[in-house]
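The primary structure of each chain is shown beneath.
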Amino acid sequence: MVAFRRDMHAHPEISRYEVRTTAALADRLRAAGLEPRLLDGSGLVCDVGPAGPGRFGLRADLDALPLQETSGVAWASTTPGVTHACGHDVHTTVVLGAGLVLARLQEEGLLTRGVRLFFQPAEEVFPGGALDVLASGELDGVDRVAAVHCEPKLDVGQVGTRIGPITSASDSVSVTVSSTGGHTSRPHLTGDVVYALGQVITQVPAVLGRRLDPRSGVNLTWGAVRAGSSPNAIPSTGTVKGTLRCLDVRAWEQAGRLLRDVVEQVVRPYEVDVTVHHTRGVPPVENDAEVTGDLEAAVREAVDPAAVVLTEQSMGGEDFAWYLTKIPGSMARLGTRTPGGATHDLHRGDLVVDERAIGVGVRMLAQLAAR
């Protein structure tokens, strides 16, 4: 499994182009006597064990990020500008390893219920590949599902769990303000685009923070702003872009309804035109209490009685959430830090994981699915 992960890491593929990765997975699964089913484009699903309803699902994601790797490991990315900086190569290897364990149990007559393996493309983009899986009907017959996500803040051997929201909803927001433009000496003769954008940047997050329950964790943060090129000219257009995040599904839906009205009210005094683009991304991952309890029991049985720790909530988005809008499930944080070593954050080119995490994840997911 370590060799498989290193090969996948050395040959990363961006979202919806995970063709080589899909083929490598299919080969390994067929060699174990299984019959994987290819999804349109990239990705696959594969059943293990008895047929029929009531299957347990194990989900992995295949895509890499458009980042340059700087880790310096011997198996570093050979594709310029692309690397597995989020640990999807680990997630995929863990689910593959668990599937091979379950196939062996099936051969020995020890697997009493069916398991479906999901190797999903395009987790890192909107709309994510989880929606493709749901649209394909491959979730039919599966009544519970689990996944792991690398966690460089936890030592290898630890598994972080949490009941309820563990990740945030994540949407993209773009606000464009326009007017005729003019001279900075005469702002009263035109709509001041830059000033209006400033009000959007500061006031809209503040208004949402007062209109929505603060316990929901609503957070609108701007990441890019562009307007004008001259210090003495008011531009005719300007745009600010950011993300809207929330830990509660109901507040997330309410925030989406409020956003456009709030923006329009904020810029109304400045006589500018405004266009709001709000793109739904993913809902929060809300871990089911029963599945999380079973997952924790599997960790204690197959890894270590002291391995389970409470993990913090993350404001990052994860399209595993879409599975949980259909069936109960749970995502666990898989510790990847070498004890006493450095913490390598996700979505950075210098990410390094302790590969002993692969064995931890395989044992955990195989035990959970076979319970």
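Now for a look at the structure at hand. (Residues numbered from 1 in each chain as written. Predicted model: local features only at pLDDT ≥ 70, side-chain atom pairs only at ≥ 80, totals over all residues. Heavy atoms only, no water.)

**Things to note about the overall build of the protein**
Scanning the protein for helices and strands turns up nine helices and 16 strands. On C-alpha atoms alone, the protein measures out to a radius of gyration of 23 Å, which is about the 21 Å that the 2.2 N^0.38 rule sets for 371 residues. On the principal axes, the C-alpha backbone points of the protein span a range of 80 × 45 × 40 Å. Across the 371 residues in the protein, those meeting the buried criterion constitute 51%. Contacts in the protein between residues far apart in sequence, at least 24 positions, make up 81% of those at least 6 positions apart. Total accessible area on the protein is roughly 15,900 Å²; 51% of this is exposed by carbon and sulfur atoms. In the protein, 35 side chains carry a positive charge and 44 a negative one; their mean positions are 3 Å apart. (Helix = DSSP H or I, 4+ residues; strand = E, 2+ residues; numbered from the N terminus. Rg over C-alpha atoms; globule rule 2.2 N^0.38 Å. Buried < 20%, exposed > 50% of the residue type's maximum accessible area, 1.4 Å probe, protein only. Contact = heavy atoms within 4.5 Å. Areas by Shrake-Rupley, 256 points an atom, 1.4 Å probe, with all protein chains shown as cover. Lys, Arg positive; Asp, Glu negative; His and termini not counted. Charge placed at Lys NZ, Arg CZ, Asp CG, Glu CD.)

**What to know about the sheet that holds strand β4 (residues 115-120)**
The strand order across the open sheet formed by eight strands is β1-β2-β4-β3-β5-β16-β6-β15, and the pairing between neighbours is mixed. In this open sheet, the two strands that pair with only one neighbour each are β1 (37-38) and β15 (308-310). The pairing of strand β3 (residues 55-61) with strand β5 (residues 142-155) spans five bridges and is parallel. Counterpart to arginine 55 in the pairing with β5 is valine 142. (Pairing = 2+ DSSP bridges.)

**Overview of the nonpolar core**
Membership of the largest hydrophobic core comes to 50 residues, with the highest contact counts inside it found for Leu29, Leu58, Leu117, Phe119, Leu295 and Leu365. Residue contributions to this core peak at nine residues, all from helix α9 (residues 356-370). In contact with leucine 58, not counting residues within four places along its chain, are Val95, Ala98, Leu102, Val115, Arg116, Leu117, Phe118, Val145, Ala146, Leu365 and Ala369. Residues Leu134, Ala147, Val282 and Phe320 belong to the second largest nonpolar core, which totals 24 residues. (Core = buried A, V, L, I, M, F, W, Y, C linked by side-chain atoms within 4.5 Å.)

**Considerations on the pairing of strand β12 (residues 237-246)**
Burial along β12 is one-sided: the residues Gly238, Val240, Gly242, Leu244 and Cys246 are buried and none of Thr237, Thr239, Lys241, Thr243 and Arg245 is. Where strand β8 (residues 169-178) meets β12, 10 bridges bridge the pair, whose relative direction is antiparallel. Paired with alanine 169 across the strands is cysteine 246, a residue of β12. Both strand β10 (residues 219-227) and β12 contribute to a ladder of eight bridges, which runs antiparallel.

**A few points about the environment of glycine 361**
Position of glycine 361 among the secondary structure elements: in helix α9. Glycine 361 sits in the buried class, given a relative accessible area of 0%. As for glycine 361 and glycine 335, which are separated by 26 residues in sequence, their C-alpha atoms are 9.3 Å apart.

**Overview of unusual backbone geometry**
That bond from phenylalanine 126 to proline 127 is cis: its omega, -10°, falls within 30 degrees of zero. Along the chain, proline 127 falls in the loop between β4 and α4 (129-135). At alanine 122, a residue that is not glycine, the phi angle is positive and equals roughly 60°. Mapped onto the elements of the fold, alanine 122 is located in the loop between β4 and α4. Non-glycine residue histidine 347 carries a positive phi angle of around 60°. Structurally, histidine 347 is set in the loop between β16 (329-337) and α9. With a relative accessible area of 40%, histidine 347 lands in the partly exposed category.

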